[in-house]
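Descriptive structure summary
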Amino acid sequence: MTNQKPTATSRLKQDYMRLKRDPVPYITAEPLPSNILEWHYVIKGPEDSPYHGGYYHGTLLFTKEFPFKPPSIYMVTPNGRFKTNKRLCLSISDFHPDTWNPAWSVATILTGLLSFMLETTPTLGSCESTTYEKRKYARQSLEFNMKNEVFCELFPETCEEINERLAKIEEHRKQNAANNNTTSTANGSTGGAGTPTDGLEAEPAEGGALSNADDSNIWHSLYTNLIVLIGFVIFALIVHYVIKSMNIE
């Protein structure tokens, strides 16, 4: 009786060693410690794509017949390209065993997945979204992934990177809030023009300007009325004088 390991286990361990030796750009992958047939991957959005800044977590589920049968491919993180937790129909997935090549490795599968992600070709399990929506998903992916225990367990370095980014984002928000508060206070005390974050903060400065303008208009109106009144009085005196002169004659 031999102690030969199952083909899938042996092959997947070889693929894992190759991935560690020659990492795939933008991709990290780890098998579950308790089940080498279940792999988890993280795709980091390339710089020249709407996914830039995002981290996309998914799974590869292999069968015991691997490498003679392809794996199932899933995406866990919302991304705007693939539906979440749905089997993806790709030439490298179990939807197309007829196009599968046993020579393909885990690195080949993940490279193909990233390539298809950057395309817009529709397939079963894909979805449509705008560039704006994809970028929104990229921002939201940071906090989304950090809530996943398996993600945090398998990808500690990625989690550290995400935490650093979240800390910088929070620091930036606090700095903006402090700057806005400072600007708002300055506008309220001096009446100077600032850069408000919303329409409410512009009211004190505008109110001061309107008050000065109203005071000026009031004084101008008083002067005008006074001149008119004096002119009317003078005109009345002249008319009274003329009438009196006619009666005398």
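Fair warning: this is a prediction, and the values are worked out from it, not measured in the lab.

**Some remarks on the pairing of strand S3 (residues 55–61)**
Of all the 7 residues making up S3, 6 are buried; the element is thus mostly covered by neighbouring parts of the structure. With 7 bridges joining them, strand S2 (residues 35–44) and S3 adopt antiparallel strand pairing. Counted as the bridge partner of Lys44 is Tyr55 from S3. By the bridge criterion, 4 bridges tie S3 to strand S4 (residues 72–75) in an arrangement that is antiparallel. By the bridge assignment for S4, Leu60 is matched with Ile73.

**Some remarks on the nonpolar core**
Of all hydrophobic cores here, the largest spans 30 residues; its most connected members are Tyr41, Leu60, Phe62, Ile73 and Leu113. The greatest single-element share of this core, amounting to 7 residues, is contributed by helix H2 (residues 106–117). Ranked by size, the runner-up nonpolar core spans 9 residues in total, among them Val42, Tyr55, Phe151 and Ile162.

**Some points on the side chain of Ser129**
Its location among the elements puts Ser129 in the loop between H2 and helix H3 (131–146). Polar side-chain contacts of Ser129 include one of 2.7 Å to the backbone oxygen of Gly80. Ignoring sequence-local partners within four residues, the contact set of Ser129 consists of Gly80 and Lys134.

**Quick word on the sheet that holds S4**
The 4 strands are arranged S1-S2-S3-S4 in an open sheet whose pairing can be described as antiparallel. Each edge of the open sheet is held by one strand with a lone partner, namely strand S1 (27–32) and S4. Sheet twist, expressed as the mean angle between neighbouring strand axes with direction ignored, is 25 degrees. Lying on the sheet, H2 is in contact with S1, S2, S3 and S4; it crosses S2 at an angle near 35 degrees.

Cut-off values and rules
- Residues numbered from 1 in each chain as written.
- Predicted model: local features only at pLDDT ≥ 70, side-chain atom pairs only at ≥ 80, totals over all residues.
- Heavy atoms only, no water.
- Buried < 20%, exposed > 50% of the residue type's maximum accessible area, 1.4 Å probe, protein only.
- Helix = DSSP H or I, 4+ residues; strand = E, 2+ residues; numbered from the N terminus.
- Pairing = 2+ DSSP bridges.
- Core = buried A, V, L, I, M, F, W, Y, C linked by side-chain atoms within 4.5 Å.
- Polar contact = N/O pair within 3.5 Å; in protein donor to acceptor, adjacent residues only side chain to side chain.
- Contact = heavy atoms within 4.5 Å.
- Axes fitted to C-alpha atoms, helices over the stretch in contact; angles between N-to-C directions.

As far as function goes, none of this settles anything; it's purely spatial.
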